[in-house]
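Topology and contacts: notes
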Amino acid sequence: MTAEPLFGRLALIGFGLIGGSIARAARMRGVVGEIVATARSAKTRARVMELGIVDRVVDTNAEATDGADLVILCVPVGACGSVAQQIAPHLKRGAIVSDVGSVKGAVVRDIAPHLPAEVHFVPAHPVAGTEHSGPDSGFAELFINRWCILTPPDGTDAAAVDRLRAFWTAIGARVEIMTPKHHDLVLAITSHLPHLIAYTIVGTADELGEVTSSEVMKFSAGGFRDFTRIAASDPTMWRDVFLTNKDAVLEMLGTFNEDLSKLTRAMRRGDGEALFEHFTRTRAIRRGIVEIGQDSAAPDFGRLQTDVQKT
Ligand code: NAP
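Residues numbered from 1 in each chain as written. Predicted model: local features only at pLDDT ≥ 70, side-chain atom pairs only at ≥ 80, totals over all residues. Heavy atoms only, no water.

1. Notes on the sheet that holds strand 9 (residues 174–177)
- Strand order in the open sheet formed by 3 strands is 7-8-9, and the pairing between neighbours is mixed. Strand pairing shows two members of the sheet lacking a second neighbour, strand 7 (124–126) and strand 9, which therefore form its edges. The average undirected angle you get between the axes of adjacent strands in this sheet is 20°. (Pairing = 2+ DSSP bridges. Helix = DSSP H or I, 4+ residues; strand = E, 2+ residues; numbered from the N terminus. Axes fitted to C-alpha atoms, helices over the stretch in contact; angles between N-to-C directions.)

Set out below in structure tokens:
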């Protein structure tokens, strides 16, 4: 718990996995004085009220923004522009406006033109998530030891960047600063392309004629199962990611296709040495990720058979 709250009032616009996790973490650590939340649908707002993890739930984005010191947009990337337009006239002088969108170039392009000069805009992307969505899916520990990338536009007040950095650090994240363009390129290979591949392969398996879908499910532990977790991610969120980070994803997809062709050629020629060398290199990458604490070395991605049987 921090000694003094870093912000008086936090407004969360959108309350799903990310908004809900921020609320839980900020409350647990005493990072803000008060949390006001809103969401698009009456159903979600009613659920947030029932959960009792924020101080107030209000009906509109404008009401949530009034008097807030930190406003975080936790909505799909494609909705950020219209939300920014709605909140702009209600922003308090000196407030910090941020977001959590998985794409940064489009978010900056869509939000910045609406904001008045007397507020600070510091876009952010917590690189942490699960395949679940909605107000019940959040949890306070989501950001612990995960990176949160800030992409402040040129000329952003350094003190505002430091305050947002302190907020994310207080709820467990490690913070790095990048340009929006670089962020979008890095995330295209580390997140967006893997999701595209998972969505593709799970769809392909679903359309096979000779191998039945019950066989695909039954024998999924052979590798397919780990793609299905990624391919179960929220369709709205990921539609927006691919529409708004198209250029970077297409660039990475080009490189991926070339590498896939190389492996296909090695297989066709029976070039075991090339395959072995490639797989040895990729295994070292996995080890590197475990070494820097970004995943557990537990076999089978940490899932015990007993845990599976419980669900
Ligand atoms: P989520 O669980 O689906 O929650 C989305 C929230 O946004 C809900 O409150 C929803 O309201 C609201 N919303 C949806 N469409 C809207 C629209 N057109 N206008 C206004 N509000 C709208 O999503 P999430 O996973 O928290 O993702 C939120 C943001 O975080 C996205 O920008 C995503 O790129 C980013 N992000 C996600 C992850 C992840 O793994 N999920 C990780 C890092 C960053 P209702 O409930 O009322 O429909």
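Moving on from the model shown.
2. Thoughts on the pairing of strand 4 (residues 70–73)
- Of the two faces of strand 4, both are covered, the one formed by Leu70 and Ile72 as well as the one formed by Val71 and Leu73.
- Where strand 1 (residues 7–13) and strand 4 come together, 4 bridges link them in parallel fashion. When the bridges of strand 4 are listed, leucine 12 appears paired with isoleucine 72.
- Here 4 bridges tie strand 4 to strand 5 (residues 96–99), and the two strands are oriented parallel to one another. For leucine 73, the partnering residue across the bridge sits in strand 5 and is aspartate 99.
- In this region the chain leaves strand 4, passes through helix 4 (residues 80–87) and returns to the parallel neighbour strand 5; the handedness of that crossover is right-handed. (Buried < 20%, exposed > 50% of the residue type's maximum accessible area, 1.4 Å probe, protein only. Right-handed = clockwise from strand over helix to strand, strands pointing away.)

3. Focus on helix 11 (residues 246–269)
- For helix 11, with 24 residues, the first-to-last C-alpha span of 34 Å sits near the 34 Å given by 1.5 Å per residue.
- Every buried residue belonging to helix 11 is among Ala248, Val249, Met252 and Ala266, and all of these are buried.
- On its buried side, helix 11 packs onto helix 7 (180–206), helix 10 (235–244) and helix 12 (272–291).
- Glycine 270 sits one or two residues past helix 11 and shows a positive phi near 70°. (Expected span 1.5 Å × (residues − 1). Contact = heavy atoms within 4.5 Å.)

4. Some remarks on the sheet that holds strand 1
- If you trace the 6 strands from one edge of the open sheet to the other, you get 3-2-1-4-5-6, paired in parallel fashion. The outermost strands of the open sheet, each flanked by one partner alone, are strand 3 (56–57) and strand 6 (120–121).
- Those strands touched by helix 4 are strand 1 and strand 4, and its axis lies near 150° from that of strand 4.

5. Considering the UniProt feature "domain: Prephenate/arogenate dehydrogenase" (unreviewed entry) in the protein chain
- Here the UniProt-annotated "domain: Prephenate/arogenate dehydrogenase" (unreviewed entry) positions come out as residues 8–297.
- Structurally, residues 8–297 comprises 52% helix and 12% strand, and the distance from its first C-alpha atom to its last is 40 Å. (UniProt positions renumbered as here; feature names shortened; annotations may be inferred.)

6. Concerning the packing of helix 11 against helix 12
- In contact at an axis separation of 8 Å, helix 11 and helix 12 are set at 140° when each is read in the N-to-C sense. With respect to helix 12, the axis of helix 11 lies oblique. Side by side, helix 11 and helix 12 meet where Leu263, Ala266 and Met267 of the first sit next to Ala274, Leu275 and His278 of the second.
- Within the contact of helix 11 with helix 12, the residues separate by chemical class into 5 nonpolar, 1 polar and no charged. (Parallel < 35°, antiparallel > 145°, perpendicular 65-115°, else oblique. Nonpolar A, V, L, I, M, F, W, Y, C, P; charged D, E, K, R; others polar.)

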